[in-house]
Amino acid sequence: RRLACGDVEGRLETIFGRVRAVQAKSGRFDMLLCVGSFFGPSSEAEWAEYRTGAKKAPIPTYVLGANSQDTLSYFPDVSGCELAENITYLGRRGVFNGCSGLHIAYLSGTEAQEQPAPAHSFSTKDVEELKASLLSTPNFRGVDILLTSPWPRDVGTFANSAGEIDTKKCGSKLVSDLAASLKPRYHFAALEKAYYERLPYRNHTVLQETPQHVTRFIALADVGNTSKKKYLYAFSIVPMSAMEPAELVKQPQDVTENPYRRLRREAAKAKAEEEPSCQFFFDLNKQQGKKRPSDGKERGDSQPKQAKKPPQPTGPCWFCLASPEVEKHLVVSIGTHCYLALAKGGLIPDHVLILPIGHYQSVVDLSSEVLEEVTKYKAALKEFFRSKGKRYVLFERNYRSQHLQLQVIPIPLDLCTSEDIKEAFITQAQEQQIELLEIPEHSDITQVAQPGMPYFFVELDTGEKLFHRIRSRFPLQFGRAVLAELLSLPQRSDWRQCAAPRHEEAAQARAFRRDFQPFDFSLRD
């Protein structure tokens, strides 16, 4: 059983008095871990009694180093040392291995804003050396605890609110990188004078990697604060090395996506650039984490997918081009197997649909030649929208629909990044308890979803994809609602509230058709 506390700032009597009270009520704890600033500008009087041995900390206490020039003198040895009986300075960076087998990684100071780094700060080199010392360990799975003074930047992404703290601006990117690499089961930080217990987050990518343990990030307030924010945290932890693998990787119901996905992606991209290119498909029927090459050999069939006649609709269809129900004034391009039409009641004027001419229910049902033309339309729309300073978001809902509709909505490039778009979808999905998973960039949707399976699918024009297998109810306007919020158009999240008169729709279609003409391959083929 362990205790962790936030910035003590020299208030030793307050923290140790609180520890004694907790132990009197709940029994003995093994250690106290202190993050943030242990000493403050007026610490000397209280500290002298502990330094001289007149007073003693009630349990073994481990502290991080200075966060400012003012308190450097309290730490005589940069590599760590005993400061007083039962009070130990861990050091600048490293790993503390407890007798129980507990592994505690630590990094003292704040992120350096100049070079060379001041003695109270850490640099990229410090973080890289700490990572290297652990990641080179055979069969490294993570550490039990990570102690840092600053919060990790972006820790609040995909998570519950951090209150007044803006986690996109607060904290250290280097600490985020460290946490993403070391995968601690608990990560404690301070300095912001706030208490924040983040929902646990995954340390693996679902459907792509073997399940791993979750991380719990906890920021603690300053000791004795007048706002009565929590500054002391009690927890029990069994060392990772002593746990059964199945028990270790259990995922709690409130687990979220990893907040450092962007960092992990950038690292993976850098690594991929050093390796030969290879396309992979993901197979849900295979063991998680396995990939298979796209040469078709494992299918036991080297023949290309044969063209097949699309099934006939069971009743009137609003999207089969030959159907009298189709609103043909909205059609803006017709290919051999597919066509483009403006969306009725579109979210924005250039909200467009890619639709098969024949009757197909979903992308996974398409024949190879139809799928090929869908791909050509996506490429043309990407080039078209990029020429207008936009990026497109495509989504498909194969649920309570009988004809495939690929909704394509452009977003201004200067409004948000592709990462922001993914975060918006994942955050909204979590709020509605929808498990929206990222799938491999070079995978094919037909390898993730089987014919007849209800699903929701998002694709960015970068090739990045999100997927949700629909098992019960699903909000029909989910994709549109996310983008409506992103575009600050929440009042247009339901298409039925956005229908325009027929003459206005026809005028919008003519304008789109004219602008799209230089990019329309169907006029050249």
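Calculation notes
Residues numbered from 1 in each chain as written. Predicted model: local features only at pLDDT ≥ 70, side-chain atom pairs only at ≥ 80, totals over all residues. Heavy atoms only, no water. Phe/Tyr/Trp six-rings, centres within 6.5 Å; stacked < 30°, edge-to-face > 60°. Helix = DSSP H or I, 4+ residues; strand = E, 2+ residues; numbered from the N terminus. Buried < 20%, exposed > 50% of the residue type's maximum accessible area, 1.4 Å probe, protein only. Lys NZ or Arg CZ within 6 Å of the ring centre and 35° of its normal. Expected span 1.5 Å × (residues − 1). Contact = heavy atoms within 4.5 Å. Polar contact = N/O pair within 3.5 Å; in protein donor to acceptor, adjacent residues only side chain to side chain. Core = buried A, V, L, I, M, F, W, Y, C linked by side-chain atoms within 4.5 Å. Pairing = 2+ DSSP bridges. Axes fitted to C-alpha atoms, helices over the stretch in contact; angles between N-to-C directions. Parallel < 35°, antiparallel > 145°, perpendicular 65-115°, else oblique. Left-handed = near helix turned anticlockwise from the far one by under 90°. Nonpolar A, V, L, I, M, F, W, Y, C, P; charged D, E, K, R; others polar.

Inspection of every chain in the model, using the stated rule, returns 30 aromatic pairs. Arranged with centres 5.5 Å apart and planes meeting at 70°, the rings of Phe-39 and Phe-75 form a pair that is edge-to-face. Here Phe-39, found in the loop between β2 (31-34) and α2 (44-51), pairs with Phe-75, found in the loop between β3 (61-63) and β4 (81-84); they are 36 residues apart in sequence, far enough to count as distant. Under the relative-accessibility criterion, Phe-39 is labelled buried at 4%. With relative accessibility at 11%, the residue Phe-75 sits in the buried group. Measuring from ring centre to ring centre gives 6.1 Å for Tyr-233 and Phe-235, while their planes differ by 40°; the resulting arrangement is tilted. On the basis of relative accessible area, Phe-235 is assigned to the buried category, the value being 5%. An aromatic cluster is defined as three or more aromatic residues linked by ring pairs; in this entry it consists of Phe-38, Phe-39, Trp-47, Tyr-74, Phe-75 and Tyr-89. Lying across the ring of Phe-29, Arg-1 places its NZ or CZ 4.1 Å from the centre.

This part takes up helix α1 (residues 12-26). Along its 15 residues, α1 runs 21 Å from first to last C-alpha, staying within 8% of the 21 Å computed at 1.5 Å per residue. Packed against the buried residues of α1 are β1 (2-5), β2, α2, β3, β5 (87-89) and β14 (232-235).

Next up on the list: the side chain of Lys-422. Inspection of the secondary structure assignment puts Lys-422 in helix α8 (residues 418-431). Of the residues examined, Lys-422 reaches a relative accessible area of 1% and is grouped as buried. Of note is the side chain of Lys-422, whose polar atom sits 3.3 Å from the side chain of Glu-438.

Mapped onto the fold, Ile-165 is located in the loop between β10 (145-148) and α4 (173-182). When the C-alpha positions of Ile-165 and Ala-194 are compared, they lie 7.9 Å apart, and in sequence the two are 29 residues distant. If we skip the residues at most four places from it in the chain, Ile-165 touches Trp-151, Cys-170, Glu-192 and Ala-194.

Considering soluble globular proteins, one finds that nonpolar side chains tend to be buried as a cluster. Formed by 36 residues in total, the largest nonpolar core has its most connected members in Val-352, Ile-354, Leu-381, Phe-467 and Phe-512. Sorting the residues of this core by element identifies β18 (338-342), β19 (352-356), α7 (368-387), β20 (390-398), β21 (406-412), β23 (455-460) and α10 (502-516) as the ones contributing at least two each. Excluding residues within four positions of it along the chain, Phe-512 makes contact with Val-332, Leu-342, Asp-350, Val-352, Leu-381, Phe-384 and Phe-385. Core analysis: the second largest hydrophobic core is formed by 30 residues, Trp-47, Ala-57, Leu-83 and Ala-84 among them.

Turning our eyes to something else, we now look at unusual backbone geometry. Trans peptide bonds make up the majority, and among non-glycine residues the majority have a negative phi. Look at the link from Gln-115 to Pro-116: it is a cis peptide, with omega at -5°. Counting through the fold element by element, Pro-116 comes out in the loop between β8 (110-111) and β9 (121-122). The backbone phi angle of Glu-9 is positive, close to 50°, even though this residue is not glycine.

Another point: the sheet that holds strand β7 (residues 103-107). With mixed pairing, 6 strands are arranged side by side in an open sheet as β6-β7-β10-β11-β13-β12. Only two strands of the sheet have a single partner each, and these edge strands are β6 (93-97) and β12 (196-197). Here 3 bridges tie β10 to strand β11 (residues 186-189), and the two strands are oriented parallel to one another. Bridge pairing in β11 places Leu-147 opposite Phe-188. Packed on one face of the sheet, helix α3 (residues 124-135) meets β6 and β7 and runs near 35° to β6. Packed onto the sheet, α4 meets β7, β10 and β11 and runs at close to 170° relative to β10.

Quick look at the packing of α8 against helix α9 (residues 478-486) now. Direction vectors running N to C along α8 and α9 enclose 125°, while the axes themselves pass 10 Å from each other. Taken as axis vectors, α8 and α9 run oblique relative to one another. Two packed elements cross with a definite hand, and for α8 against α9 that hand is right-handed. In this structure, α8 uses Ile-421, Ala-424, Phe-425, Gln-428 and Ala-429 to contact α9, whose residues at the interface are Phe-478, Gly-479, Val-482, Leu-483 and Leu-486. Taken together, the residues of the contact of α8 with α9 break down into 8 nonpolar, 2 polar and no charged.

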